[in-house]
Amino acid sequence: MFKLRASIIKDVRILLRDKVGISLMFIMPVILVIVVTSIQNSTFQLMNKNKLTVVVCNKDAGKLSAQLIATINKIGMFKVTQVAGDQNPQQIADGMHANDAMLAITIPADFTQKIEAKAKGSSNKALKSFGLQADSAKEVAPSAATPLILYYNPSIPESIRFSVNGALGSALQIVESRETLRTLYFAINEKEMPAALENEMQNGKAAINQVPVSKNGSTKAPNATQHNVPSWTIFAMFFIIMSLSGSVVREKISGSFIRLKTLPTNFAVGLLSKQITYLCVTLFQALVIFSLGIWVFPYINLPALNLPADIFGLFIVTLACGYCAVSYAICVGVFAHTQEQANGFGAVSIVILSAIGGLMVPSFAMPGALKTISTLSPLHWCIEAYYGLFLQGAGLKDVVISIIPLLGITLVFQGLTYIGLKRKNLI
Amino acid sequence: MVTNTSLAVNIENLGFHYPGNSGVTYHDLNLKIKEGERFGLFGPNGAGKTTLMNLMTGLLVADAGNIELLGHKIGTKSKAVNKLFGFVPQDFSFYQELSPIENLEFFGAWYGLNRKQIAQRSAELLEILGLTEVSHKAVENFSGGMKRRVNLAIGVIHNPKILFLDEPTVGVDVQTRHAIIDYLKQLNKNGTTLIYTSHQLSEAEGLCEQIALVDKGEIVREGKLDDLLEEYGHQDLEELFLNLTGKEYRN
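Since the model is a prediction, treat every value here as computed from it, not as a measurement.

Definitions and limits used
- Residues numbered from 1 in each chain as written.
- Chains lettered and ligands numbered in written order.
- Predicted model: local features only at pLDDT ≥ 70, side-chain atom pairs only at ≥ 80, totals over all residues.
- Helix = DSSP H or I, 4+ residues; strand = E, 2+ residues; numbered from the N terminus.
- Buried ≥ 20, exposed ≤ 12 C-beta atoms within 10 Å, placed from the backbone.
- Contact = placed C-beta atoms within 7 Å.
- Rg over C-alpha atoms; globule rule 2.2 N^0.38 Å.
- Pairing = 2+ DSSP bridges.
- Core = buried A, V, L, I, M, F, W, Y, C linked by C-beta atoms within 7 Å.
- Domains from an automatic or database assignment.
- Axes fitted to C-alpha atoms, helices over the stretch in contact; angles between N-to-C directions.
- UniProt positions renumbered as here; feature names shortened; annotations may be inferred.
- Parallel < 35°, antiparallel > 145°, perpendicular 65-115°, else oblique.
- Left-handed = near helix turned anticlockwise from the far one by under 90°.
- pLDDT = per-residue confidence, 0-100.
- Nonpolar A, V, L, I, M, F, W, Y, C, P; charged D, E, K, R; others polar.

Enquirer: Explanation requested: the overall build of chain A in the structure shown.
Expert: Looking only at helices and strands, chain A has 16 helices and 4 strands in total. Structurally, chain A occupies a C-alpha span of about 110 × 45 × 40 Å along its principal axes. Across the 427 residues that make up chain A, the buried fraction comes to 37%. Here the contacts in chain A between residues at least 6 apart in sequence split such that 80% fall between residues at least 24 apart.

Quick look at the structure:
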């Protein structure tokens, strides 16, 4: 025990003097988590909270274009800014830039006329089908409505563009349906449709009730913080490879290793010491990054991190992730011949494992084969377990299914390390 | 298993080859070094001195034969025999980021000393080797001579019965060399067997009583230095060395 203690003290002393290693292990992930969360938070807000500014150029002087604008406003998704109706496409584009808008709509000059004609045509057809006399004097086949033009900033996500298109289509449908109903009512009753009836017919559609579903019944919506803090914590844990594998290689190729082999102590004690030391480092990394999310993020206009209800589960998952990261780093250190090899391979492999593991792009968005490959990355199981806890309100028993494969991969790393040490006659 | 306690080192019928037969090969080598001797192992580059020292310290594993240190077989799974000897390799074998005292604390613990023993021996060694004033400074900023002294201090912290020294004074100034040689003689007086290799033959003459000349995986001659000089009619070890190992370049 005294040997292990002495070894841990030695490792901690060396670690504390490795300024570059400490920067890589702590400062880099802190910067990454702040920057990436800030960027993603803007996108989240764009999609979830902020209304999309839309510039409307209404070339029509009729009542229906005004109704259309009012309907678009009512949807609640847009902040409408109207510009003069005589603007050309270039002026509209300038208007978008001036208003910081991602979208613009041009309502054609004949909008009201064409919708009224269409309503009349539909009304006449309906009357005929009822066996009633239609207004033959005005029975003219309506020409197709002139399309609205939707301008958009190409950087707007396709999903948002589809949503906008759908919302505008609904607004148009409302205006057209209302006009058709009014026309039909007038044709039958020769008087204007009562407002109460119009409202009843327009608004009496079936409601859509929204019910949040999560494992612990939480109704909190995930945000950029809940996504990014766990992701970059895992990345930081695995990035200790830069310090730890380098330390193993340095010890191996330096003279100190020759002496260690002649001492009456097994080198396994040294490796155990490194595992304990760096496991504590990974736990400390998690503590720092989680604390940052909880207490610092609100001061920089980012959503605060909400810790899972199952704190013990969070500790176990963090421990499992940290131990896997440490095992991987030692394994690379044992097989690498030089520090350059360890650092180069370590850094590149962590980026690749992060990418295929779903830290950068969610694994559910990956194509089929890549989804299967992603399960080979230990980071995949780390993020799955963390997302279970942070986003789905799961507890330890729910994420065991992710912890077991993670421990399996850790055992593989430990086994490879043992084989490497045996083959090199180091233990 | 203890078999022969009067010998510090007993090598019998040693066989060894590197993978692919690269480097030196030993066949049926025998060597006995008595307890309390100051034994020099000399030879040209590539003769097999370091290989033999690595075999004696367990860094390499023999293919055949036995190596015993103070009657304990080396190369077994038990590491108990490793407490009996110290090793001062040619390379700086410590953590350069740490101070001398921190290195001694760590290596002392790994040699099996307790906290009190480590503190006592560290203070003693740092004083003897003139490192007390810099005992808390990182070794990486030390001169070559200071690093050699740290290297030696670590190798003897546990008061070994046998001390293997591989070029312990290479690259140091005259003062440091004298200090190291004086300390080694002091250790020997206190009962430590010294097994030493060096290319500094004049230095070796002053230190070693018994020598073995190694070349091409064989012990060319061994015996008391004075007897060998007399037998071959040479004034010093260098002449004897050149006579027995030749003058051609070695790689």
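Enquirer: How should the overall build of chain B be read in this particular structure?
Expert: Scanning chain B from terminus to terminus reveals 8 helices and 10 strands. Compactness check: chain B gives a C-alpha radius of gyration of 18 Å against a globular reference of 18 Å for 251 residues, within 12% of the reference. By its C-alpha atoms, chain B is 50 × 40 × 35 Å across when sized along the principal axes. Across the 251 residues that make up chain B, the buried fraction comes to 46%. Partitioning the contacts of chain B with sequence separation of at least 6, the portion at a separation of at least 24 is 69%.

Enquirer: I'm lost on the interface of chain B and chain A in this one. Help?
Expert: Interfaces are often described in size by the accessible area the parts lose on coming together. If you look at the interface, chain B gives 25 residues, while chain A gives 18 residues. At 5 residues, helix 2 (residues 100-110) of chain B tops the list of elements feeding residues into the side of chain B that touches chain A.

Enquirer: It is not clear to me how the sheet that holds strand 1 (residues 7-17) of chain B should be interpreted in this structure. Could you clarify?
Expert: Residues and elements named next belong to chain B. The strand order 2-1-4-5 describes an open sheet built from 4 strands, whose pairing is antiparallel. Two strands close off the open sheet at either side, each with one partner strand: strand 2 (25-34) and strand 5 (72-73). In terms of strand pairing, strand 1 meets strand 2 through 7 bridges, oriented antiparallel. Each residue of the ladder has a partner; that of Asn-10, found in strand 2, is Lys-32.

Enquirer: I would appreciate a short explanation of the nonpolar core in the present structure.
Expert: For soluble globular proteins, nonpolar side chains are generally found buried alongside one another. Formed by 76 residues in total, the largest nonpolar core has its most connected members in B:Leu41, B:Ala153, B:Ile157, B:Leu163, B:Phe164, B:Ile195 and B:Tyr196. It is helix 2 of chain B that contributes the most residues to this core, 6 residues altogether. Grouped together as the second largest cluster of nonpolar side chains are 62 residues, A:Met237, A:Ala342, A:Ala394 and A:Phe413 included.

Enquirer: What should I look at first to understand the domain arrangement of chain A in this one?
Expert: Along its sequence, chain A is carved into domain 1 (2-44 + 227-423) and domain 2 (52-203). Relative placement of domain 1 of chain A and domain 2 of chain A: their C-alpha centres are 56 Å apart.

Enquirer: Before we go on, may I ask you to explain the pairing of strand 9 (residues 210-215) of chain B in this structure?
Expert: Within a regular beta strand, the side chains point alternately toward one face of the sheet and then the other, so they alternate between its two faces. All names here are of chain B. Extensive coverage of strand 9 is indicated by the burial of 6 of its 6 residues. Side chains of strand 9 alternate between two faces, with Gln-210, Ala-212 and Val-214 and Ile-211, Leu-213 and Asp-215 buried alike. Across 4 bridges, the pairing between strand 3 (residues 38-42) and strand 9 is parallel. For Gly-40, the partnering residue across the bridge sits in strand 9 and is Ile-211.

Enquirer: How should the sheet that holds strand 4 (residues 149-152) of chain A be read in this particular structure?
Expert: As a general point, the strands of a sheet are linked pairwise by backbone hydrogen bonds and lie either parallel or antiparallel. Residues and elements named next belong to chain A. One open sheet holds the 4 strands; their spatial order is 2-1-3-4, and the pairing between them is mixed. Bordering the open sheet on either side are strand 2 (78-83) and strand 4, each of which pairs with just one other strand. Taking each pair of neighbouring strands and ignoring which way they run, the sheet shows an average axis angle of 25 degrees. With 4 bridges connecting them, strand 3 (residues 103-107) and strand 4 associate as antiparallel partners. Bridging across to strand 4, Ile-105 finds its partner in Leu-150.

Enquirer: Where do I start with the UniProt feature "transmembrane region" (unreviewed entry) in chain A in this structure?
Expert: Residues and elements named next belong to chain A. The UniProt feature table records "transmembrane region" (unreviewed entry) at residues 20-39, 229-249, 276-300, 312-335, 347-370 and 399-421. Taken end to end, residues 229-249 is 90% helix and 0% strand, and its two terminal C-alpha atoms sit 31 Å from one another. Helix makes up 100% of residues 312-335 and strand 0%, and the two end C-alpha atoms of the span are 35 Å apart.

Enquirer: I'm lost on the packing of helix 13 (residues 339-357) of chain A against helix 15 (residues 378-390) of chain A in this one. Help?
Expert: The angle between the axes and the distance between the axes are what describe a pair of packed helices. Residues and elements named next belong to chain A. Closest axis-to-axis distance for the helix 13/helix 15 pair is 7 Å, and the angle between their directions is 50 degrees. As summarised for this structure, helix 13 and helix 15 are arranged oblique, according to the angle between their axes. The hand of the helix 13/helix 15 crossing is right-handed. Between helix 13 and helix 15, the contacting residues are Leu-353, Ser-354 and Gly-357 on the first element and Pro-378, Leu-379, His-380 and Ile-383 on the second.

Enquirer: Help me understand the confidence of the model for chain A, please; the structure alone is not making it clear to me.
Expert: Low pLDDT means the predicted coordinates in that region are not meant to be read closely. Scored by pLDDT, chain A comes out at a mean of 85, with 92% of its residues at no less than 70. Within chain A, helix 7 (residues 195-203) of chain A has the poorest average pLDDT of any element, 76, and helix 12 (residues 311-335) of chain A the best, 95.

Enquirer: Hey, could you run me through the packing of helix 11 (residues 267-296) of chain A against helix 12 of chain A in this one?
Expert: Residue and element names in this part refer to chain A. For the pair helix 11 and helix 12, the least separation of the axes is 9 Å and the interaxial angle reads 135 degrees. Comparing the axis directions of helix 11 and helix 12 gives the class oblique. Helix 12 is crossed by helix 11, and the crossing has right-handed handedness. Only Thr-318, Gly-322, Tyr-323, Ala-325, Val-326 and Ile-330 of helix 12 make contact with helix 11, whose side of the interface consists of Leu-271, Lys-274, Gln-275, Tyr-278, Leu-279, Thr-282, Leu-283 and Ala-286. Residues of the contact of helix 11 with helix 12, tallied by class, amount to 9 nonpolar, 4 polar and 1 charged.

Enquirer: Could you clarify how one ought to interpret unusual backbone geometry in this entry?
Expert: Residue and element names in this part refer to chain B. Despite not being glycine, Asn-159 shows a phi value in the positive range, around 50 degrees. Checked against the element boundaries, Asn-159 lands in the loop between helix 4 (144-156) and strand 7 (162-166). In this structure, Glu-167 takes a positive phi of about 50 degrees despite not being glycine. Relative to the helices and strands, Glu-167 is located in the loop between strand 7 and helix 5 (174-189). A tally of 18 C-beta atoms within 10 Å means that Glu-167 is categorised as partly exposed.

Enquirer: Explanation requested: helix 2 of chain B in the structure shown.
Expert: Since the α-helix advances by 3.6 residues per turn, residues separated by three or four positions end up pointing in the same direction. Taken across its 11 residues, helix 2 of chain B has 11 buried, putting it largely inside the fold. The complete set of buried residues in helix 2 of chain B reads B:Pro100, B:Ile101, B:Glu102, B:Asn103, B:Leu104, B:Glu105, B:Phe106, B:Phe107, B:Gly108, B:Ala109 and B:Trp110. Buried residues along helix 2 of chain B sit against helix 1 (2-16) of chain A together with helix 3 (115-128) and helix 4 of chain B. With its phi angle positive at about 95 degrees, B:Gly112 sits one or two positions after the end of helix 2 of chain B.

Enquirer: It is not clear to me how the environment of B:Leu240 should be interpreted in this structure. Could you clarify?
Expert: Residues and elements named next belong to chain B. Its location among the elements puts Leu-240 in helix 8 (residues 237-245). Assessed through the 23 C-beta atoms surrounding it within 10 Å, Leu-240 is described here as buried. Setting aside anything within four residues of it in sequence, one finds Leu-240 in contact with Leu-228, Leu-229, Tyr-232 and His-234.

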